[in-house]
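# Understanding the architecture of this molecule
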Amino acid sequence: MKNYEQEINLYFELKGTPESSRESYLRRMQAFITYIQNP
């Protein structure tokens, strides 16, 4: 996740996404990545 976090934050910044939404999206993406890495 760390590899993509900077790019994701840049995308959110350019799009004007509120900080609370950014945190929510990042938590959900982290949960998904954890899920797919554990068979």
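Above this note sits the structure.
Summary of the structure given here. (Residues numbered from 1 in each chain as written. Predicted model: local features only at pLDDT ≥ 70, side-chain atom pairs only at ≥ 80, totals over all residues. Heavy atoms only, no water.)

## Details of the packing of aromatic side chains
- Scanning the model with the defined rule gives two aromatic pairs in all.
- Plain terms: the ring middles of Y11 and F12 are 5.9 Å apart, the flat faces sit at 55° to each other, and that makes the pair tilted.
- Accessibility expressed as a relative area gives 6% for F12, which makes it buried.
- For the pair F12 and Y25, a centre-to-centre distance of 5.3 Å together with 25° between the ring planes defines the contact as stacked. Pair noted here: F12 is in helix α1 (residues 2-15) and Y25 is in helix α2 (residues 19-37), with a separation of 13 residues, a long-range link.
- On the basis of relative accessible area, Y25 is assigned to the partly exposed category, the value being 42%.
- Ring pairs connect the aromatic residues Y11, F12 and Y25, which therefore count as one cluster. (Phe/Tyr/Trp six-rings, centres within 6.5 Å; stacked < 30°, edge-to-face > 60°. Buried < 20%, exposed > 50% of the residue type's maximum accessible area, 1.4 Å probe, protein only. Helix = DSSP H or I, 4+ residues; strand = E, 2+ residues; numbered from the N terminus.)

## Focus: the pattern of salt bridges
- Across all of its chains, the model carries one salt bridge by this definition.
- One salt bridge in this structure joins E19 and R22, with 3.9 Å as the shortest N-O distance. Of this pair, E19 and R22 both sit in helix α2, separated by three residues, roughly a single helical turn.
- Judged by relative accessible area, E19 falls into the partly exposed class, the value being 47%.
- Judged by its relative accessible area of 17%, R22 is buried. (Salt bridge = Lys/Arg side-chain N within 4 Å of Asp/Glu carboxyl O.)

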